[in-house]
Amino acid sequence: MAEELTHLLGQLSVGELMPYEKIGWALVRSGTQLWSEHDGATKVPYGLRPRIGSERRRR
């Protein structure tokens, strides 16, 4: 149940900031580490900024 709830909250762009033993504080969304005190920002395959309407940004 907790895993499904974590995934659902991740789809709503809700993450969790928690202290971890080896990496310090970390921001995690849907089980994927986005940032940690030790490693900094992590490259993820999706954007963290919500898309508005049919807006598509070119990279």
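Residues numbered from 1 in each chain as written. Predicted model: local features only at pLDDT ≥ 70, side-chain atom pairs only at ≥ 80, totals over all residues. Heavy atoms only, no water.

Draft legend 1. How the structure looks around the overall build of the protein. Broken down by element type, the protein carries one helix and four strands. For the protein, the N- to C-terminal ordering of α and β elements is α-β-β-β-β. In the protein, which comprises 59 residues, the share counted as buried stands at 15%. Contacts in the protein between residues far apart in sequence, at least 24 positions, make up 4% of those at least 6 positions apart. (Helix = DSSP H or I, 4+ residues; strand = E, 2+ residues; numbered from the N terminus. Buried < 20%, exposed > 50% of the residue type's maximum accessible area, 1.4 Å probe, protein only. Contact = heavy atoms within 4.5 Å.)

Draft legend 2. Main features of the environment of S13. Mapped onto the elements of the fold, S13 is located in the loop between α1 (2-11) and β1 (16-20). Judged by its relative accessible area of 46%, S13 falls in the partly exposed class. Between the C-alpha atoms of S13 and S30, which are 17 residues apart in sequence, the distance is 8.9 Å.

Draft legend 3. View of the sheet that holds β1. Strands sit in the order β1-β2-β3-β4 across an open sheet of four strands; the sheet is antiparallel. With one partner strand each, in any of the chains shown, β1 and β4 (40-41) form the two edges of the open sheet. With four bridges connecting them, strand β2 (residues 24-29) and strand β3 (residues 32-36) associate as antiparallel partners. Paired with A26 across the strands is S36, a residue of β3. (Pairing = 2+ DSSP bridges.)

Draft legend 4. Molecular detail of the confidence of the model for the protein. Per-residue pLDDT for the protein has a mean of 77; in total, 75% of the residues score no lower than 70. Looking over the protein, one finds the lowest element-wise mean pLDDT in α1, namely 74, and the highest in β2, namely 87. (pLDDT = per-residue confidence, 0-100.)

Draft legend 5. Looking closely at the pairing of β3. Taking the residues that link successive antiparallel strands as the turn, the β2-β3 hairpin has two residues, and the phi of S30 there is positive, at about 55°. Across two bridges, β3 lies against β4 in antiparallel orientation. Bridge pairing links W35 to A41 in β4. Between β3 and the antiparallel strand that follows it, β4, lie three residues.

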